[in-house]
Amino acid sequence: MVRRVALEDPSRRLGRLQSVVGSLRLHAASLESFPSVYQVFRAVQPDECYHLAAQSFVSYSFDDEFSTLNTNINGTHFVLAALKDVVPKCRFYFAGSSEMFGKVAEIPQTETTRFHPRSAYGISKVAGFDLTRNYREAYGIHASNGILFNHESPRRGFEFVTRKITSGIARILAGQSKELRLGNLEAKRDWGHARDYVEAMWAMLQQDEPDDYVVATGRSHSVWEFVRMACGMAGLDPDKYVVTDPEFYRPAEVQLLIGNPAKAQAKLGWRPSTQFADLVCEMVTADCASLGVEVPVTKSIEVE
Ligand code: F7E
């Protein structure tokens, strides 16, 4: 399901889907329109629905709280309400987020950790989480929440810090940029590979009973550690290129996220297969290749 603007400009808007777009059937609808969502459910009669659509850039949710809350909360409500009416047997996945934990109540975070969101985005995801749980309990929908920690890949949007770092390094090597401007380098995230996390989403919908699951690697690294590793792989000295800029700091920060995926491991048989260094290496290599930069990427950089 994609917005009409994307269908009208597929080469730009769907660029990152190039390798699979031929085997997909795209339907125009908007999370802002209940009737459009309803019609897609009626036309497709899906067996499984993966609801990831959202304004997902946490930083932007401070600039426009209203549209973030409207789109993310109403959009999830529209999808659930239409599903219940049209295809109540359809299995439903909601993309919850580690941002729901925000100012963390315990370390590591599990399915029972209290939520304390620190942004409109986090608040909207808590609302979506509760809507999903309530449709499960009130209407018997097979609806599961994934509480996914940061998941990255070479397809990540350029505004998120991992891709900003790896694409910035490629631009420096290509002579298109002289510095890498970042915000809070101390923030710690539990970064995994999106490819692994999508498998966990699918596995949730194959269970007899719906449930909620933390999906994470159980390891945490700071933004600075990501920078150091990525620069090291590309042969750059981070101290020469990284500039901190207040523009990229957030009014309220989530300082430390680290998930405990024990339940997903026990019940779904899920384990992350990509290590941090391999993720960083894949992203640096892909961004360098896209700019035609040859770099002897080495994975042997150690981060404490
Ligand atoms: O920031 C710090 C920033 O924007 C990570 C989304 O997929 O994962 C993502 O949310 C950290 C933050 O991702 C810059 O302050 C420093 O502490 O890559 P991010 P996020 O906010 O963690 C969760 C699980 C989601 O659900 C979200 O949808 O990096 N940071 N300097 C920076 N961040 C950005 N974007 N840009 C910087 O220059």
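Above this text is the structure in question.
This is a predicted model, so every value here is computed, not measured.

What counts and what doesn't
- Residues numbered from 1 in each chain as written.
- Predicted model: local features only at pLDDT ≥ 70, side-chain atom pairs only at ≥ 80, totals over all residues.
- Heavy atoms only, no water.
- Helix = DSSP H or I, 4+ residues; strand = E, 2+ residues; numbered from the N terminus.
- Rg over C-alpha atoms; globule rule 2.2 N^0.38 Å.
- Buried < 20%, exposed > 50% of the residue type's maximum accessible area, 1.4 Å probe, protein only.
- Contact = heavy atoms within 4.5 Å.
- Areas by Shrake-Rupley, 256 points an atom, 1.4 Å probe, with all protein chains shown as cover.
- Near = heavy atom within 4 Å.
- Polar contact = N/O pair within 3.5 Å; in protein donor to acceptor, adjacent residues only side chain to side chain.
- Nonpolar A, V, L, I, M, F, W, Y, C, P; charged D, E, K, R; others polar.
- Salt bridge = Lys/Arg side-chain N within 4 Å of Asp/Glu carboxyl O.
- Axes fitted to C-alpha atoms, helices over the stretch in contact; angles between N-to-C directions.
- Parallel < 35°, antiparallel > 145°, perpendicular 65-115°, else oblique.
- Left-handed = near helix turned anticlockwise from the far one by under 90°.
- Core = buried A, V, L, I, M, F, W, Y, C linked by side-chain atoms within 4.5 Å.
- Expected span 1.5 Å × (residues − 1).

Colleague: Any chance you could explain the overall build of the protein chain here in plain terms?
Modeller: Counting its regular elements, the protein chain contains twelve helices and ten strands. The C-alpha atoms of the protein chain give a radius of gyration of 20 Å, which matches the 19 Å a tight globule of 304 residues would have. Counting all 304 residues of the protein chain, 48% fall into the buried class. Across the protein chain, every contact between residues at least 6 apart in sequence was considered, and the portion connecting residues at least 24 apart equals 79%. When the accessible surface of the protein chain is summed, it comes to about 14,900 Å², and 49% of that surface belongs to carbon and sulfur atoms.

Colleague: Looking at this structure, how should I read the site of the ligand?
Modeller: Among the 24 residues in the neighbourhood of the ligand, the closest are listed as Ser56, Ser97, Tyr121, Arg250 and Glu253. Between the ligand and Lys164 there is a distance of 2.7 Å, counted from an oxygen atom to a side-chain nitrogen or oxygen. A distance of 2.8 Å separates an oxygen atom of the ligand from a polar atom in the side chain of Arg189. Protein chains bury 96% of the 710 Å² of accessible surface belonging to the ligand in isolation. Of the residues assigned to the shell around the ligand, the class counts are eleven nonpolar, six polar and seven charged.

Colleague: Which parts of the structure should I look at to understand the pattern of salt bridges?
Modeller: Pairs can form between side chains of opposite charge whenever their charged atoms are close. Enumeration according to the criterion identifies 13 salt bridges in this entry. Here Glu282 ties to Arg195 by a salt bridge, and the two come within 3.2 Å at their closest N and O atoms. Of this pair, Glu282 sits in helix H12 (residues 276-290) while Arg195 is found in helix H8 (residues 194-205), placing the two residues 87 residues apart along the sequence. For Arg195, a relative accessible area of 45% corresponds to the partly exposed category. Between Asp211 and Lys263 there is a salt bridge whose closest N-O contact spans 3.0 Å. Residue Asp211 is found in the loop between H8 and strand S8 (212-215), and its partner Lys263 is found in helix H11 (residues 262-268); the two are separated by 52 residues along the sequence. Counted as one network, the salt bridges with shared partners bring together Glu99, Arg189 and Glu253.

Colleague: Would you mind showing me how to read the packing of helix H3 (residues 34-44) against helix H5 (residues 65-86) here?
Modeller: Helix-helix packing is characterised by the crossing angle of the two axes and by the distance between the axes. Across the interface, H3 lies against H5 with an axial gap of 9 Å and an inter-helix angle of 40°. Relative to H5, the element H3 lies oblique. As H3 packs across H5, the resulting crossing turns out to be right-handed. Residues Phe34, Val37, Tyr38, Phe41 and Arg42 of H3 form the contact with H5, whose own contacting residues are Phe78, Val79, Ala81, Ala82, Leu83, Asp85 and Val86. When the residues that make up the contact of H3 with H5 are grouped by side-chain class, the tally is ten nonpolar, no polar and two charged.

Colleague: Honestly, the nonpolar core in this entry has me stumped. Any pointers?
Modeller: A general tendency of soluble globular proteins is for nonpolar side chains to be buried together. Membership of the largest hydrophobic core comes to 28 residues, with the highest contact counts inside it found for Ile165 and Val280. Sorting elements by how many residues they give to this core places helix H9 (residues 223-234) first, with eight residues.

Colleague: Hey, could you run me through helix H6 (residues 120-139) in this one?
Modeller: Count 3.6 residues to each turn of an α-helix, and residues three or four apart come out pointing the same way. Relative to the 28 Å expected for 20 residues at 1.5 Å per residue, H6 spans 28 Å between its end C-alpha atoms, a close match to the ideal helical length. Those residues of H6 not exposed but buried are Ala120, Tyr121, Gly122, Ser124, Lys125, Val126, Gly128, Phe129, Leu131, Thr132, Tyr135 and Arg136. Residues of H6 that are buried in the fold lie against helix H4 (58-63), H5, strand S2 (91-97), strand S3 (143-148) and S8. At the exit of H6 stands Gly140, carrying a positive phi of roughly 70°.

Colleague: Please explain the environment of Gly140 as it appears in this structure.
Modeller: Tracing the chain through its elements places Gly140 in the loop between H6 and S3. Residue classification places Gly140 among the exposed residues on the basis of a relative accessible area of 60%. It is 9.0 Å that separates the C-alpha atoms of Gly140 and Lys89, two residues lying 51 residues apart in sequence.

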